[in-house]
Amino acid sequence: MEKVTAGREQLGSFAPKFAELNDDVLFGEVWARESELSVRYRCIVTVTALMAKGILDSSLQYHIENAKRNGVTAQEMAEILTHAAFYAGWPNAWAAFRMAKEVYAEAASA
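It should be emphasised that the depicted structure is a prediction, and the values quoted were computed from it without experimental measurement.

Caption draft 1: Spatial organisation of the pattern of salt bridges. In total, this model carries five salt bridges according to the counting rule given. A salt bridge links Asp24 to Arg8, with the nearest nitrogen and oxygen atoms 2.7 Å apart. Of the two residues, Asp24 sits in helix α2 (residues 16-30) while Arg8 sits in helix α1 (residues 6-11), which places them 16 residues apart along the sequence. Owing to a relative accessible area of 27%, Asp24 belongs among the partly exposed residues under this scheme.

Pasting the structure below:
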């Protein structure tokens with residue numbers, strides 16, 4: 001996985017410790033544990049967790065895009081969101097589907 005610097009770029013001067021933990025620990029150490037769980041599966045888990053929590057903003061969009069980059073197909077994403085809808089909530093699924101549809105449509109139009 002490519003190095004993430006979003007924490008430092010967006011919060012570095014305001015919250016440097018949070019930015020460091022975000023970039024170096026979460027996206028550096030945790031996401032790098034590919035021998036325990038592949039990045040592809042981490043993407044699936046993260047999209048599902050964000051949807052379940054109702055975090056339907058740019059964070060979810062980033063992680064749907066990341067899932068796509070790491071091999072999750074549009075059909076798989078649709079199935080993941082459909083399955084999670086029964087556990088995470090129908091309105092959350094609708095919002096996630098709208099976002100996923102946009103992310104995967106970008107590839108179809110390119």
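Once the structure has been displayed, the description carries forward.
Caption draft 2: Geometry of the layout of surface pockets. For the largest pocket, the calculated volume is near 490 Å³. Lining the largest pocket are 20 residues, with Ala6, Gln10, Asn22, Phe27 and Tyr62 sitting closest to its centre. Those elements that place two or more of their residues in the lining of the largest pocket are α1, α2, α3 (39-53) and α4 (58-69). Of the residues assigned to the lining of the largest pocket, the class counts are eight nonpolar, eight polar and four charged.

Caption draft 3: View of the nonpolar core. Ranked by size, the top nonpolar core spans 25 residues in total, and within it Met51, Leu60, Ile64, Val72, Met77, Leu81 and Tyr104 carry the most contacts. Secondary structure elements with two or more residues in this core: α3, α4, α5 (74-88) and α6 (90-109). Setting aside anything within four residues of it in sequence, one finds Tyr104 in contact with Ile64, Ala67, Lys68, Val72, Thr73, Ala74 and Met77.

Caption draft 4: Summary view of the packing of aromatic side chains. Evaluated as defined, the whole model comprises three aromatic pairs. Consider the rings of Phe86 and Trp90, whose centres lie 5.2 Å apart with planes at 75°: the pair is edge-to-face. Look at Phe86 and you get exposed, because its relative accessible area is 63%. An aromatic cluster is defined as three or more aromatic residues linked by ring pairs; in this entry it consists of Phe27, Trp31 and Tyr62.

Thresholds applied
- Residues numbered from 1 in each chain as written.
- Predicted model: local features only at pLDDT ≥ 70, side-chain atom pairs only at ≥ 80, totals over all residues.
- Heavy atoms only, no water.
- Salt bridge = Lys/Arg side-chain N within 4 Å of Asp/Glu carboxyl O.
- Helix = DSSP H or I, 4+ residues; strand = E, 2+ residues; numbered from the N terminus.
- Buried < 20%, exposed > 50% of the residue type's maximum accessible area, 1.4 Å probe, protein only.
- 1 Å grid on protein atoms, 1.4 Å probe; cavity = no way out; pocket = protein on both sides within 12 Å on 5 of 7 lines; lining within 4 Å.
- Points joined across faces, edges and corners; volume = space filled by probe spheres on them.
- Nonpolar A, V, L, I, M, F, W, Y, C, P; charged D, E, K, R; others polar.
- Core = buried A, V, L, I, M, F, W, Y, C linked by side-chain atoms within 4.5 Å.
- Contact = heavy atoms within 4.5 Å.
- Phe/Tyr/Trp six-rings, centres within 6.5 Å; stacked < 30°, edge-to-face > 60°.

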